[in-house]
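Below, each chain spelled out in residue letters.
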Amino acid sequence: MTMYAALLRGINVGGNKKVPMAELRTLMQGLGYDSVATYLQSGNAVFGSDHGDEDSLAAELAQAIEKHFGFTVGVLVRDHTYLKAVREACPFPAAELEAKQLHVTYFSMPVGAERFAAVDAVAFLPEEFRLGDRELYLYAPEGLGRSKLAEALSKPRLLKGLTATTRNWNTVVKLEELTGA
């Protein structure tokens, strides 16, 4: 059985798209997933499955959420190996930073540098970003809420055709640990 993290985009924010975690766990168990657990209220779940792959599991879960809750939610599913690789490949000194300063945006597919070429990185210093394969690392010294670079990177024209969802470093680390158990 493979352990996965499900990352739900934009739920339980400002009273919109409410998904109680207990209901989400029950829904996921009903899909036949094992060892289902949730982390925080912001759309993080871990589970085990011996069928499917990341994309098919994400589609299955998104469809079940829409049927049960009545609204669509972007869902990304990533396995433990990927989550561990993301953590280990962090281009910033994670151990020296506060969790609020470091974030990872997960993408539904690989992205190339050309997608973000129009972003003038120098104009946003000391904030910085680095691309991985299906992820973007963001260093925002004042936190995500105050980050002008995060705002620039989240423009719809840059994310067209992608599902993208961001997690702070504490959550990145915790999801990797929970899927490795």
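Each remark here, short or long, concerns the structure printed above.
Anyway, here's the lowdown on the structure attached to this text. Bear in mind the structure is a predicted one, so any value in this text is a computation, not a measurement. (Residues numbered from 1 in each chain as written. Predicted model: local features only at pLDDT ≥ 70, side-chain atom pairs only at ≥ 80, totals over all residues. Heavy atoms only, no water.)

## Details of the overall build of the chain
To keep it simple, the criterion reads: Strands are runs of DSSP state E lasting at least two residues, helices are runs of H or I lasting at least four, and both sets are numbered from the N terminus onward. Each residue's exposure class comes from its accessible area (1.4 Å probe, protein chains only) as a fraction of the maximum for that residue type: buried when under 20%, exposed when over 50%, partly exposed otherwise. Should any heavy atoms of two residues lie within 4.5 Å, those residues are counted as being in contact. When charges are counted, neither His nor the chain ends are considered; positive counts come from Lys and Arg and negative counts from Asp and Glu. Note on charges: their place is set at NZ of Lys, CZ of Arg, CG of Asp or CD of Glu.
Scanning the chain from terminus to terminus reveals six helices and eight strands. Seen in sequence order, the chain has helices and strands lined up from the N terminus as β-α-β-β-α-β-α-β-β-β-α-α-β-α. Within the chain, the proportion of its 181 residues that are buried is 46%. For the chain, long-range pairs separated by at least 24 residues make up 69% of all intrachain contacts whose partners lie at least 6 apart in sequence. Taking the average location of the 19 positive side-chain charges in the chain and that of its 22 negative ones, the two points are 7 Å from each other.

## Considering the sheet that holds strand β6 (residues 128-131)
The following threshold applies: DSSP calls a pair of strands paired once it identifies at least 2 bridges connecting them. Working convention: axes come from line fits to C-alpha atoms, limited for helices to the stretch in contact. Angles between N-to-C directions cover 0 to 180 degrees.
Strand order in the open sheet formed by four strands is β6-β7-β5-β8, and the pairing between neighbours is antiparallel. A single partner strand is all that each edge strand has here, and the edge strands are β6 and β8 (164-168). When the angles between neighbouring strand axes are averaged without regard to direction, this sheet yields 20 degrees. Sheet topology note: the strand β5 (residues 102-107)/strand β7 (residues 135-139) ladder contains five bridges and is antiparallel. Considered in β7, the bridge of T105 is made with L136. The strands touched by helix α6 (residues 169-180) are β5, β7 and β8; relative to β8, the strand with the most contacts, the crossing angle is about 95 degrees.

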